[in-house]
Amino acid sequence: MKRFLSLLVLCAAAGVLLVAVVPAGARTTATTVRVTAKEYKFILSTKTARHGTVIFKVTNKGKFKHDFKIAGKKTTMLKPGKSASLTVTLAKGKTYTYICTVPGHAQLGMKGRFKVT
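Here the structure is a predicted model, which means the values were calculated and not measured. (Residues numbered from 1 in each chain as written. Predicted model: local features only at pLDDT ≥ 70, side-chain atom pairs only at ≥ 80, totals over all residues. Heavy atoms only, no water.)

Within the secondary structure layout, Thr 36 lies in strand β1 (residues 31–38). Contacts of Thr 36, omitting those with residues within four sequence positions, involve Lys 41, Phe 42, Ile 43, Thr 59 and Lys 61. (Helix = DSSP H or I, 4+ residues; strand = E, 2+ residues; numbered from the N terminus. Contact = heavy atoms within 4.5 Å.)

In structure tokens, the structure reads:
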């Protein structure tokens, strides 16, 4: 019984320390956005997210190679049927432009804006 009480006290103390380390209102989870690339457009599951870590899961469902670039980072060139994830940290209150960097693709419509709250 004494060991059980000691363990209980230890767990409670660890919980208090964990709460003390994470500031109030801090986000501890990432937002995931699914992105489908096709000729010549991107379809996003959402075009807005809360600030912080955002994971873009990009799938090329088109017939040509595409990539996805946002906030200075981009995926590898994706062959048809392939997928990749891109993790970025986005600032509150900003709007980011995303594009396909294959020459001519953005001009044909593979671009858009992503808003961060």
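With that out of the way, let us pick up the confidence of the model for the protein chain. Here the protein chain averages 86 in pLDDT, and 76% of its residues register 70 or above. A low-confidence stretch, residues 7–11 (pLDDT under 50), is modelled with 0 contacts involving residues beyond four sequence positions or located in other chains. When the criterion is pLDDT under 50, residues 13–22 qualifies, and its contacts beyond four places in sequence or with other chains add up to 1 contact. (pLDDT = per-residue confidence, 0-100.)

With mixed pairing, 4 strands are arranged side by side in an open sheet as β2-β1-β4-β7. Sheet topology places β2 (41–44) and β7 (83–90) at the edges, where each strand pairs with a single neighbour. When the angles between neighbouring strand axes are averaged without regard to direction, this sheet yields 25°. In this structure, β1 lies alongside β2, joined through 4 bridges in antiparallel fashion. In the sheet register, Thr 36 faces β2, and the bridge partner there is Ile 43. (Pairing = 2+ DSSP bridges. Axes fitted to C-alpha atoms, helices over the stretch in contact; angles between N-to-C directions.)

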